[in-house]
Amino acid sequence: MMDIKYVREQFPALSRDFIFMDNAGGSQVLKKVAERISGYLLYHNVQLGASYKVSAEAGRKLKYATSKIAELLNTSKDEEVVIGSSTTMLLRILSLTISKQWENGDEIIVTDTDHEANVSPWMDLREHGFRVKTWKVNRETLELELKDLKELMTSKTRLVAVTHASNVLGTINPVKEIADAVHAAGALICVDGVAYAPHRKVDVKELNADFYTFSWYKTYGPHLAVMYVKYEELLKLDSFNHYFIGKDSVPYKLQPGNFNFELTYGTLGIIEYYDEMYRHHFNDTKVNYSERLSKTFKIISKHEEELASLLLDFLKKIPEIRIIGKTDASSTVRVPTISFVHSKLKSDEIVGKVDEHGIGIRFGDFYAKKLIETLDLEENNGVVRVSLVHYNTLEEVRKLIKVFEGIF
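Small disclaimer: the values here were computed from a predicted structure and weren't measured.

> Explain the packing of aromatic side chains to me, and be specific about the residues and the numbers.
Counted by the stated rule, this structure contains 19 aromatic pairs. Relative to Phe-20, the ring of Phe-18 lies with its centre 5.0 Å away and its plane at 65°, an arrangement referred to as edge-to-face. On the accessibility criterion, Phe-20 (13% relative accessible area) is buried. Centroid distance Phe-314 to Phe-404: 6.4 Å. Interplanar angle 5°. Geometry classified as stacked. One end of the pair, Phe-314, is in helix α12 (residues 289–316); the other, Phe-404, is in helix α15 (residues 394–407), and 90 residues separate them in sequence. No difference in accessibility class separates Phe-314 from Phe-404, as the two residues are buried. Looking at Lys-77, its charged tip hangs above the ring of Tyr-231, at a distance of 4.8 Å from the centre.

> Quick rundown of the pairing of strand β2 (residues 81–84)? Include the residues and the values.
In β2, alternate side chains face the same way, and those of Val-81 and Ile-83 on one face and Val-82 and Gly-84 on the other are all buried. For β2 and strand β8 (residues 225–229), the ladder comprises 4 bridges, and the chain directions are antiparallel. If you follow Gly-84 over to β8, its bridge partner there is Ala-225.

> Please set out the environment of Lys-32 residue by residue, giving values where relevant.
With respect to the element layout, Lys-32 can be found in helix α2 (residues 31–43). By relative accessible area, which is 24% here, Lys-32 ends up partly exposed. Sequence separation between Lys-32 and Ile-270 is 238 residues; the distance between their C-alpha atoms is 7.5 Å. If we skip the residues at most four places from it in the chain, Lys-32 touches Gly-269, Glu-272, Tyr-273 and Glu-276.

> Residues and numbers for the pattern of salt bridges, please.
All told, the structure shown has 26 salt bridges when counted by the stated rule. The partner of Lys-230 in a salt bridge is Asp-210, and the shortest N-O contact between them spans 3.2 Å. Here Lys-230, found in the loop between β8 and α9 (231–236), pairs with Asp-210, found in the loop between α8 (204–207) and β7 (211–215); they are 20 residues apart in sequence, far enough to count as distant. The same class applies to Lys-230 as to Asp-210, namely buried. Connected through salt bridges with shared partners, the residues Asp-22, Arg-362 and Arg-385 form a single ionic network.

Cut-offs used in this document
- Residues numbered from 1 in each chain as written.
- Predicted model: local features only at pLDDT ≥ 70, side-chain atom pairs only at ≥ 80, totals over all residues.
- Heavy atoms only, no water.
- Phe/Tyr/Trp six-rings, centres within 6.5 Å; stacked < 30°, edge-to-face > 60°.
- Buried < 20%, exposed > 50% of the residue type's maximum accessible area, 1.4 Å probe, protein only.
- Helix = DSSP H or I, 4+ residues; strand = E, 2+ residues; numbered from the N terminus.
- Lys NZ or Arg CZ within 6 Å of the ring centre and 35° of its normal.
- Pairing = 2+ DSSP bridges.
- Contact = heavy atoms within 4.5 Å.
- Salt bridge = Lys/Arg side-chain N within 4 Å of Asp/Glu carboxyl O.

Quick look at the structure:
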């Protein structure tokens, strides 16, 4: 069992008289993250690369932080870690650099379930002579069918862009299986892990992704993002930096203006939190880092499954409610990002009434515009989304259910 009291003590914002359930839009920040950021700004706020002592110290601190991010993601090299301001910006940079390797008529495949961060950068390449196809969700099962992807891929397919977990449906896509199919077709795979990374361990080697991105501000950290790029693919990319920064300068060539030093250092607080959470719950200190991380996320996913089960079981009992996504709470098939619509009430009406009770949920398309259009949900003003994470409690979910009972 997860020690929820211990977990919540790590997040100062949770002491407020407010219930945070819009976590897919931005999670609360660990105290340890804020302390790391503050410490860097107060004592190491200098430019890197200088010969003086404080600059050298700052450089070592950031090199260490990058190495820990690499360890968290299980990359082969520290250089495979690219830091940027947002997932949207990192994927935009990737699209502009990788497309220089392609030829007129080459193809990219996107889905209609993704956040626009992993759609628009690829769609915009149509202006440069590339063809973009859409892997459409099955409207009945609300899943991406692998057979449909295989039918879309041709000898001209260069890249498939797909989400690891939908920020509306909550569904976990079988990325490893998709990656195998994509690679068999001679293409590359770019995965948006923003809605997945707060809930589950990310192992880029196991997934065999060529590119993998997520945002730290949705994983209990600062407003910053990271992109893993497989080393052999990273070397091929043109520089997006100054003209004198060459292709061999990795990952700096994809970090124009350099990365944000203090926020990057702050991510250490997230990585330390996972390890400290392991030590708090388990006595065995002899297991390696990967195993510790796996066990930590196992107790996180178990707790989140209980949260999702409680809410989904309630929603399934309301005849007017249609859950947009899997109704199964199992942590193997979904994350606790739960969306629904009501047959008589608009989504914004429901959220407005919940607001009055000091509970933060949200309505809309959440930048997954194509999914909302595909499912004909614009007239509902999008979906109502309750996005839970492991620091939420069963008591908080029960309070939300009580509010819902007064609305429905």
